[in-house]
Amino acid sequence: MKDKNKFMARAIELSMSSASTIGGPFGSVVVKDNKIISEGSNEVTSLNDPTAHAEIVAIRNACQKLGTFNLSGCEIYTTCEPCPMCLSAIYWARIDKIYYANTREDAKNIDFDDSFIYLEVAKKINERKIKMKQMNREEALEAFKIWKNKEDKIKY
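None of the values given here were measured: they were computed from a predicted structure.

1. Re the layout of surface pockets
Then step 1. The computed volume of the largest pocket comes to approximately 290 Å³.
Then step 2. Lining of the largest pocket is provided by 15 residues; of these, Phe-26, His-53, Cys-83, Phe-112 and Asp-114 occupy positions nearest its centre.
Then step 3. Sorting the residues of the lining of the largest pocket by element identifies helix 2 (44-47) and helix 5 (104-108) as the ones contributing at least two each.

Structure representation (structure tokens):
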């Protein structure tokens, strides 16, 4: 448990630094074989990138460092329960375990409220706030057919 506390302490340190400069109050580290392999803090406003959450930054850095999109065998330590986007990225990266500090309610209390997104994802497409309209499906299916028949594809 000592190492786990050390990893979370580093994530918290990153969040404190980010909160006191130009980022949001979030930090994250990715750990493999009991070593920190990457770090991330919130860079949304500094990069003008709404996807630059601490977890996403740490995942991107880990993938670059390890030369893979598959982070099986890794754990992520993050200072807050991951938002829907970050949670999805963690699943896509195949990270084995998530350790988090603050809850989504704690985040909501400081104006980082993701409850709307959780509710939207569960709705039928035609009931969501952002309107969606399907178009050109037949043309787009051609790329799917190419992929399906590709023998040397790398599945992810």
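2. Focus on the packing of aromatic side chains
Then step 1. The full count for this structure, using the stated rule, is four aromatic pairs.
Then step 2. Each ring, one from Tyr-77 and one from Tyr-99, has its centre 4.5 Å from the other, and the planes form 10 degrees; the classification is stacked. Taken together, the positions of Tyr-77 in strand 3 (residues 74-80) and Tyr-99 in strand 4 (residues 97-102) put the pair 22 residues apart, joining distant regions of the chain.
Then step 3. For Tyr-77, a relative accessible area of 1% corresponds to the buried category.
Then step 4. Ring pairing ties together the aromatic residues Phe-7, Tyr-77 and Tyr-99, which thus form one cluster.
Then step 5. It is Arg-104 that lies over the ring of Tyr-118; its NZ or CZ is 4.0 Å from the centre.

3. Regarding a nonpolar patch on the surface
Then step 1. Where nonpolar side chains cluster on the molecular surface, the patch consists of Phe-69, Trp-92, Trp-147, Ile-154 and Tyr-156 and spans about 650 Å² of accessible area.
Then step 2. The residue Trp-147 is located in helix 7 (residues 137-149) in this model.

4. Remarks on unusual backbone geometry
Then step 1. In this structure, Asp-33 is a non-glycine residue whose phi angle is positive, near 50 degrees.
Then step 2. As for its position among the elements, Asp-33 is in the loop between strand 1 (27-32) and strand 2 (35-41).
Then step 3. Classification of Asp-33 as exposed rests on a relative accessible area of 62%.
Then step 4. Unusually for a residue other than glycine, Asn-34 sits at a positive phi of about 65 degrees.

5. Section: the side chain of Ser-41
Then step 1. Secondary-structure assignment places Ser-41 in strand 2.
Then step 2. Residues within four places of Ser-41 in sequence aside, it is in contact with Leu-14, Ser-18, Phe-26, Gly-27, Ala-52, His-53, Ala-54 and Val-57.

6. What to know about the pairing of strand 2
Then step 1. As paired strands, strand 1 and strand 2 are joined by six bridges and run antiparallel to one another. Bridge pairing in strand 2 places Val-30 opposite Ser-38.
Then step 2. Between strand 1 and strand 2, which pair antiparallel one after the other, the connecting turn spans two residues, and Asp-33 there sits at a positive phi close to 50 degrees.

7. Comments concerning the sheet that holds strand 2
Then step 1. Pairing within the open sheet is mixed, and its four strands lie in the order 2-1-3-4. The sheet is open, and its two borders are formed by strand 2 and strand 4, each paired with just one other strand. Averaged over all neighbouring strand pairs, the angle between strand axes comes to 15 degrees, with direction disregarded.
Then step 2. Looking at chain direction, strand 3 and strand 4 are connected through five bridges and run parallel. Each residue of the ladder has a partner; that of Cys-80, found in strand 4, is Asn-102.
Then step 3. In this fold helix 1 (residues 2-20) packs onto strand 1, strand 2, strand 3 and strand 4, with an angle of close to 150 degrees to the strand it touches most, strand 1.
Then step 4. Contacts between helix 3 (residues 54-66) and the sheet are confined to strand 1, strand 2 and strand 3, with strand 2 contributing the most and set at about 135 degrees to the helix.

Reading guide: rules and limits
- Residues numbered from 1 in each chain as written.
- Predicted model: local features only at pLDDT ≥ 70, side-chain atom pairs only at ≥ 80, totals over all residues.
- Heavy atoms only, no water.
- 1 Å grid on protein atoms, 1.4 Å probe; cavity = no way out; pocket = protein on both sides within 12 Å on 5 of 7 lines; lining within 4 Å.
- Points joined across faces, edges and corners; volume = space filled by probe spheres on them.
- Helix = DSSP H or I, 4+ residues; strand = E, 2+ residues; numbered from the N terminus.
- Phe/Tyr/Trp six-rings, centres within 6.5 Å; stacked < 30°, edge-to-face > 60°.
- Buried < 20%, exposed > 50% of the residue type's maximum accessible area, 1.4 Å probe, protein only.
- Lys NZ or Arg CZ within 6 Å of the ring centre and 35° of its normal.
- Patch = residues over 30% accessible without salt bridge, like charges linked within 9 Å, V, L, I, M, F, W, Y side chains within 5 Å.
- Areas by Shrake-Rupley, 256 points an atom, 1.4 Å probe, with all protein chains shown as cover.
- Salt bridge = Lys/Arg side-chain N within 4 Å of Asp/Glu carboxyl O.
- Contact = heavy atoms within 4.5 Å.
- Pairing = 2+ DSSP bridges.
- Axes fitted to C-alpha atoms, helices over the stretch in contact; angles between N-to-C directions.

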